[in-house]
Amino acid sequence: MAELVIMRGDITEQEVDAVVNAANSSLSGGGGVDGAIHRRGGPEILAECRRLRVSRYSAGLPAGAAVATTAGFLPARWVIHTVGPVWSVTEDRSALLASCYRESLRVADELGARSVAFPAISTGAFGWPVRDGARIAVEAVRASATAVSEVRFVLFDDPAYAAFAGRLSGD
Ligand code: AR6
């Protein structure tokens, strides 16, 4: 089973095999993690995303799915783009959020990645409450049969770090 690690930091600075992008279905960039990855990773990531839109994902990458591209100028080798669900008070979309983590690890296994850094998917622009997002993330990773040896959650602020720390310490 993968070792789970948490840290405060910026996902674009991680020296891991793959970093996960909290993307949207268009794969054309955005704010938050997505904006930072494209800004720092350079144009080759977007160029590959555009090719994916023309080939495999003409209707966009669905929520819960994941796909890899080059990492451009980032220290990682690959970016795995996944689309989290938008938080809803009327509908339980937890399975889609869990699927983001599971599918990203499946893609990582296909690539042969051994270390993967995740942000707290959906907990920014998509509005998911961070403590619940942390619970789903940790449960989904722990339940995945993956060859990845290190899963690193890279948290941008104190509330996100505290949520993941609480979850990992077994509450
Ligand atoms: N490194 C690590 N974590 C970060 C970074 C960073 N550089 N920047 C923000 N976070 P978000 P989402 C945290 O909004 O909720 C984009 O426009 C942030 O504090 O990046 O899945 C996409 O194009 C939060 O805890 O992703 C989509 O349209 C977490 O990362 C939409 O936002 C996720 O915040 C996706 O929204």
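Just above sits the structure.
These figures come from a predicted structure and were not determined experimentally.

### Thoughts on the environment of Ser 144
- Along the chain, Ser 144 turns up in the loop between α4 (130–142) and β6 (150–155).
- Separated by 42 residues in the primary sequence, Ser 144 and Arg 102 place their C-alpha atoms 6.2 Å from one another.
- When near neighbours in sequence (up to four residues on either side) are disregarded, Ser 144 contacts Arg 102 and Leu 105.

### Some remarks on the site of the ligand
- Near the ligand you find 22 residues, and of these Asn 24, Gly 31, Val 33, Asp 34 and Gly 124 are the closest.
- Between the ligand and Asp 10, the relevant distance is 3.1 Å, taken from a nitrogen atom to a side-chain nitrogen or oxygen of the residue.
- Backbone polar atom of Ala 125 to an oxygen atom of the ligand: 2.8 Å apart, as the coordinates give it.
- Placement of the ligand is best described as lying within the largest pocket.
- Contributions of two or more residues to the shell around the ligand are made by β2 (18–23) and α1 (32–41).
- The element contributing the most residues to the shell around the ligand is α1, with four residues.

### Description of the pattern of salt bridges
- By the definition in use, this model includes nine salt bridges.
- Between Glu 91 and Arg 93 there is a salt bridge, and its shortest N-O distance comes to 2.9 Å.
- Of the residues examined, Arg 93 reaches a relative accessible area of 23% and is grouped as partly exposed.
- Residues joined in a network through salt bridges with shared partners are Glu 103, Arg 106 and Glu 110.

Basis of the calculations
Going along each chain's sequence as written, the residues are numbered from 1 onward. With pLDDT at 70 or above as the cut-off, local features in this predicted model cover only qualifying residues; side-chain atom pairs require 80 or more to be listed or tallied, and sums for whole chains, interfaces and linings still use all residues. Note that the side-chain values use all heavy atoms of the structure and ignore hydrogens as well as water. In this description a helix means any DSSP run of H or I spanning at least four residues, a strand means any run of E spanning at least two, and both kinds are numbered starting from the N terminus. The contact criterion used throughout is that any non-hydrogen atoms of two residues lie within 4.5 Å. When we say a residue is near a molecule or strand, we mean one of its heavy atoms is within 4 Å of it. Under this definition, polar contacts are N or O atom pairs within 3.5 Å; protein pairs additionally need one hydrogen-donor-capable and one acceptor-capable atom, and for neighbouring residues in sequence, both atoms have to be side-chain atoms. Here a cavity is any set of points on a 1 Å grid over the protein atoms alone where a 1.4 Å probe fits but cannot get out, and a pocket is any open set with protein on both sides within 12 Å along at least 5 of 7 lines; a residue lines the site when it has an atom within 4 Å of a point. To be counted as sitting in a cavity or pocket, a molecule needs more than half of its atoms within 2 Å of that site's grid points. The rule for a salt bridge is simple: a side-chain nitrogen of Lys or Arg has to be within 4 Å of a carboxyl oxygen of Asp or Glu. Relative accessibility thresholds used throughout: buried, under 20% of the residue-type maximum; exposed, over 50%; partly exposed, between the two (1.4 Å probe, protein chains only).

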